[in-house]
Amino acid sequence: MIKMTDVFKVYDKGIKALKGVTFTLNDGEFAFLVGPSGSGKSTIIKLLNGEIAPTDGAVMVNGYNMNKIKMRKMPYLRRTLGVVFQDLRLINEKTVYENVAFAMRVIGATNKEIRARVPYILKLVGLEHKTGMTPPELSGGEKQRVAIARALVNDPQLIIADEPTSDLDPARKLEIFMLLQEINKLGTTVFVVTHEKTIVDRLSERVIAIDGGRIISDGMDGYYNYEVE
Amino acid sequence: MKLSRNRTGYYIKEGVVSIFTHGLMSFASVCIIVAFLIIMGSFALIALNINAVVGELENENIILVYIDEHLTENEARAIGTRLLATPNVTSARFITREEALTAFIGRYENTERFKDVDATWLRHRYNVFVEDIELISQTRDDLADIYGVAKATANLRIAQGLVTLRNIVSGASVIIVAVLLVISLFIMSNTIKLAAFERREEIAIMKMVGATNSFIRWPFIYEGFILGVFGSSAAFAALWALYGLVADRAIDVESGLISLISFSTVSVPLFVVFTVIGFGVGVGGCGMALNRYLKV
Ligand SMILES: Nc1ncnc2c1ncn2[C@@H]1O[C@H](COP(=O)(O)OP(=O)(O)OP(=O)(O)O)[C@@H](O)[C@H]1O
Ligand SMILES: [Mg+2]
């Protein structure tokens, strides 16, 4: 569950990234967040996982009030999320397998659980043959799939993905989006930032469009009603 | 999934890996701990030995109190209680002039020439034992002031020399230990800081996927712990060997005065202190280093 109410974010140098954003994404829902570069999409995502705090307005995520959350509680909020970061944030020194496994280890999974789950997830994103390689040895699309695998591995309540498919070929793109839809049908809330107009059009889901830090449309029309540059 | 699981194996593995990824710095911090502990240990052993010698001197140590020759033996014996009432006096043994003479003659082989010596040439006396050798000259003066005491003598030079030496050694130890402790904490904390800096992105990523601070801290604590324990064990072994060499020499010389305390009598407390310091420096240095990287 995501609930933003009149949220403002002003960065250090006076840059106003968000100017009164309000929307709600209920449990079990699926939504795309679209908008031109610099419109504030990643800023919204960073507010959701507690990386930054709002300048004004209220942010609720999975029952946690992000305005009041204590540093001590932050890990437990983050465990309810699976985030695919725009910059991926993989650990270059660790293998593909370890990059996914350590997300499980962090939350207290046993080696047995890890050995059972990680290969399954890596197969799901088509990386079963690359488990021993490190991120620098992978293509951009393969790295994105590692990041997706890491976001999925703990079976989170809410999946947040910031342009998870920009480096993938068209067939893979569709595959990943269908996978996210599949996961959503099993009850996980999904919130995806993307520029993929054709795919958004095909999948007929809710689309939230943002420009200049303001939401300019939010509808179930199932098409991408905002022209992206 | 349950939250509390035994992850010690993982933490130790990560800590060991980290030690080797910046091996030079780890090596430097072990060396500094070893050097620190050897120096500290040497001072401790020197101080302990001086203390042992001083303690021995205190045992046989003695102010000789000569009683005025005009007093009778009974009167002389009566003074004993007054001697005991003097501060710093632990006991006083009365020696009659006859006993003193016998003891005196007993020191020589040819006793013939003492045939004519009469006990009345000597005075009744006391061997007075003191509690604290440092106060011996004060005590001697106090005893000399007692009515009926003709003279009180003490071997001040040895006593005072030893006391001064002991004070210097313990004073120097305190300063050296303090300085070295700060230096080794600093080096250790830099090692861990370096390790944390190299892994700052990894730490930030871990926090993003929901790692608690303690999950991130533990491998570093183990790293510091392993380095600390390694350093203290090495220092302990080195000091043991070193002390053995010195003690052998000392016994060879056999000057009679120097008899070193054996290493085994101090090995247990020394080992405990070393381990505690190794542990403290390792884990303490780690705590100082890490906080900056956890605020993400
Ligand atoms: N850490 C920061 N400090 C200052 N300004 C920032 C910071 N992060 C983002 N901004 C600014 O805030 C605005 C919104 O940035 P944001 O990253 O949310 O855009 P975006 O919609 O994700 O763009 P893109 O599609 O290119 O990823 C931009 O003008 C950007 O320059
Ligand atoms: Mg962005």
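Residues numbered from 1 in each chain as written. Chains lettered and ligands numbered in written order. Predicted model: local features only at pLDDT ≥ 70, side-chain atom pairs only at ≥ 80, totals over all residues. Heavy atoms only, no water.

Things to note about the overall build of chain B
Looking only at helices and strands, chain B features nine helices and four strands. By the burial criterion, 41% of the 296 residues in chain B qualify as buried. Long-range pairs, those at least 24 residues apart, make up 83% of the contacts in chain B between residues at least 6 apart in sequence. (Helix = DSSP H or I, 4+ residues; strand = E, 2+ residues; numbered from the N terminus. Buried < 20%, exposed > 50% of the residue type's maximum accessible area, 1.4 Å probe, protein only. Contact = heavy atoms within 4.5 Å.)

Quick word on the nonpolar core
Counting 66 residues, the largest nonpolar core has Phe32, Val118, Leu180 and Val192 of chain A together with Phe215, Ile216 and Phe220 of chain B as its most contacted members. In this view, valine 118 of chain A contacts Tyr97, Val100, Ala101, Met104 and Val153 of chain A; residues no more than four positions away in its chain are not counted. Core analysis: the second largest hydrophobic core is formed by 29 residues, Leu33, Leu48, Val83 and Ile208 of chain A among them. (Core = buried A, V, L, I, M, F, W, Y, C linked by side-chain atoms within 4.5 Å.)

Overview of the interface of chain B and chain A
One frequent convention defines the size of an interface as the accessible area lost when the parts assemble. Each side of the interface is counted separately: chain B has 18 residues, and chain A has 23 residues. Interface area for chain B against chain A, summed over the two sides, is near 2000 Å², with a carbon-plus-sulfur share of 66%. In this structure, the connection of chain B to chain A is made through two salt bridges. In this structure, the salt-bridge partner of lysine 94 of chain A is glutamate 14 of chain B, at a minimum N-O distance of 3.9 Å. Counting the contacts that link chain B with chain A gives three residue pairs in polar contact (both at pLDDT 80 or more). Breaking the side of chain B that touches chain A down by element, the ones donating at least two residues are helix 1 (8-21) and helix 7 (200-208) of chain B. Counting residues per element, the side of chain B that touches chain A draws most heavily on helix 7 of chain B, which supplies five residues. When its residues are assigned to classes, the side of chain B that touches chain A shows ten nonpolar, two polar and six charged. (Buried area = accessible area lost by both parts, 1.4 Å probe. Salt bridge = Lys/Arg side-chain N within 4 Å of Asp/Glu carboxyl O. Polar contact = N/O pair within 3.5 Å; in protein donor to acceptor, adjacent residues only side chain to side chain. Nonpolar A, V, L, I, M, F, W, Y, C, P; charged D, E, K, R; others polar.)

Let's talk about the domain arrangement of chain A
All names here are of chain A. The domains assigned to chain A are domain 1 (1-80 + 158-229) and domain 2 (94-155). The C-alpha centroid of domain 2 is placed 23 Å from the C-alpha centroid of domain 1. In this assembly, 13 residues from domain 1 lie in contact with twelve residues from domain 2. Both sides of the domain 1 and domain 2 interface together cover about 1000 Å² of buried area, and 63% of this is carbon and sulfur. For domain 1, the biggest contributors to the area lost against domain 2 are Arg79, Arg172 and Leu179; these three give 41% of the whole. The interface formed by domain 1 and domain 2 holds zero salt bridges in total. (Domains from an automatic or database assignment.)

Topic: the site of ligand 1
Residues and elements named next belong to chain A. Around ligand 1 lies a shell of 14 residues, among which Ser37, Gly38, Lys41, Ser42 and Thr43 are the nearest. Protein contact buries 67% of the 640 Å² of open area that ligand 1 shows by itself. Take the shell around ligand 1: its biggest share by element is three residues, from helix 1 (residues 41-48). Here the residues of the shell around ligand 1 sort into four nonpolar, eight polar and two charged. (Near = heavy atom within 4 Å. Areas by Shrake-Rupley, 256 points an atom, 1.4 Å probe, with all protein chains shown as cover.)

Things to note about a nonpolar patch on the surface
Residue and element names in this part refer to chain B. Residues Ile12, Val16 and Phe20 make up a contiguous nonpolar surface patch of roughly 270 Å² in combined accessible area. Residue position: isoleucine 12 is located in helix 1. For isoleucine 12, a relative accessible area of 33% translates into the label partly exposed. (Patch = residues over 30% accessible without salt bridge, like charges linked within 9 Å, V, L, I, M, F, W, Y side chains within 5 Å.)

Re the coordination of the magnesium ion (ligand 2)
Residues and elements named next belong to chain A. Taken together, Ser42 (OG) and Gln86 (OE1) make up the full set of protein donors to the magnesium ion (ligand 2), lying 1.9 to 2.1 Å away. Linking serine 42 in helix 1 with glutamine 86 in the loop between strand 6 (81-84) and helix 3 (96-106), this pair joins segments that are 44 residues apart in sequence. What makes glutamine 86 partly exposed here is its relative accessible area of 43%. (Donors = N, O, S within 2.8 Å, 3.2 Å for Na, K, Ca; no water.)

Things to note about the sheet that holds strand 10 (residues 214-219) of chain A
Strand pairing in a sheet relies on backbone hydrogen bonds. The paired strands run either parallel or antiparallel. All names here are of chain A. On the basis of which strands lie adjacent, the open sheet formed by six strands has the order 6-7-8-3-9-10 and mixed pairing. Either end of the sheet is taken by a strand with one partner, and the two such strands are strand 6 and strand 10. For this sheet, the mean angle separating the axes of adjacent strands, direction not counted, is 15°. With five bridges connecting them, strand 7 (residues 158-162) and strand 8 (residues 189-193) associate as parallel partners. In the strand pairing of strand 8, isoleucine 159 is matched with valine 190. Strands in contact with helix 1 are strand 3 (30-34), strand 6, strand 7, strand 8 and strand 9 (206-211); relative to strand 7, the strand with the most contacts, it is inclined by about 145°. (Pairing = 2+ DSSP bridges. Axes fitted to C-alpha atoms, helices over the stretch in contact; angles between N-to-C directions.)

Topic: the pairing of strand 3 of chain A
All names here are of chain A. Here strand 3 lies mainly inside the structure; five of its five residues are buried. Side chains Phe30, Phe32 and Val34 project from strand 3 onto one buried face, and the interleaved Ala31 and Leu33 project onto a second face that is buried too. Looking at chain direction, strand 3 and strand 8 are connected through four bridges and run parallel. Of the residues in strand 8, the one forming a bridge with phenylalanine 30 is valine 190. Of the pairings in the sheet, the one linking strand 3 to strand 9 comprises four bridges and is parallel in character. Residue pairing for strand 9: phenylalanine 32 is matched across the bridge by valine 207.

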